[in-house]
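Breakdown of the fold
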Amino acid sequence: MKIDIFDMLWCAVSMIIIAVSMWNHVLIKGLLIVFGALVFLCLLHIFRMRARFEESVAVYGEITGYKKYRSGKVSPIVRYETEDEIPVEKEYACKRNVKEFMIGDSVVICYFPDDFRLFYFQGRENELNHYYIKLGISAAFVWIVLLLLVL
């Protein structure tokens, strides 16, 4: 996962909120703000990605290999060409426990014209949001527990 300036700003703002709430002896309220904002940001990301799916372009790609991780998971490497005939060979962002495709298999992938290196397998749009869905549910659970402690 790529860390960008937005992630660093979120981290800094969260630390400031927690520090100020600790200083004022209201740490739980500060944590409520941070986790509530995290739930909001996860939902915002999910809905923005869903809107982007409509702009995606479907093309045929070829599985050229797999990247193996220490955890035992694998991620297929896909080669495809954009509509502008730009060749791309990229590892899929979502990891799996098993190899779903054979090397050389032809697959239909969808990429985003504004970021042609980001793609997903056709019919698997939600895989790109899977991390944010889990993070949002976890943050919502913590937020509810904190809210119950405040009440």
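What counts and how
- Residues numbered from 1 in each chain as written.
- Predicted model: local features only at pLDDT ≥ 70, side-chain atom pairs only at ≥ 80, totals over all residues.
- Heavy atoms only, no water.
- Helix = DSSP H or I, 4+ residues; strand = E, 2+ residues; numbered from the N terminus.
- Rg over C-alpha atoms; globule rule 2.2 N^0.38 Å.
- Buried < 20%, exposed > 50% of the residue type's maximum accessible area, 1.4 Å probe, protein only.
- Contact = heavy atoms within 4.5 Å.
- Areas by Shrake-Rupley, 256 points an atom, 1.4 Å probe, with all protein chains shown as cover.
- Core = buried A, V, L, I, M, F, W, Y, C linked by side-chain atoms within 4.5 Å.
- Salt bridge = Lys/Arg side-chain N within 4 Å of Asp/Glu carboxyl O.

Focus on the overall build of the chain
When helices and strands are counted, the chain shows three helices and five strands. Counting helices and strands in the order they occur from the N terminus, the chain gives α-α-β-β-β-β-β-α. For a compact globule of 151 residues, the expected C-alpha radius of gyration is about 15 Å, and the chain comes in at 20 Å, more than 25% above that figure. Projected onto its principal axes, the C-alpha positions of the chain cover 60 × 35 × 25 Å. Out of the 151 residues belonging to the chain, those deemed buried represent 28%. The contacts in the chain between residues at least 6 apart in sequence include a share of 60% that link residues at least 24 apart. Of the roughly 10300 Å² that the chain leaves accessible, carbon and sulfur atoms contribute 64%.

Considering the nonpolar core
The biggest cluster of nonpolar side chains holds 22 residues, and the ones touching the most others in it are Val78, Tyr80, Ile109 and Phe121. Residue assignment for this core shows that the elements contributing at least two residues are α2 (27-53), β1 (57-68), β2 (74-81), β4 (106-112) and β5 (115-121). With near-sequence residues (within four places) excluded, phenylalanine 121 lies in contact with Ile63, Pro76, Val78, Tyr92, Phe101, Val107, Val108 and Ile109.

Comments concerning the pattern of salt bridges
All chains considered together, the criterion is met by seven salt bridges. Where glutamate 100 meets arginine 124, a salt bridge forms, and the shortest distance between an N and an O atom there is 2.4 Å. Here the residue glutamate 100 occupies a position in the loop between β3 (87-91) and β4, and arginine 124 occupies one in the loop between β5 and α3 (130-150), the gap between them amounting to 24 residues. Classification of glutamate 100 by relative accessible area gives partly exposed; the value is 35%. A residue is classified by how much of its surface remains accessible, and arginine 124, at 23% relative accessible area, is partly exposed. The salt bridge partner of glutamate 127 is arginine 124, with a shortest N-O separation of 3.9 Å.

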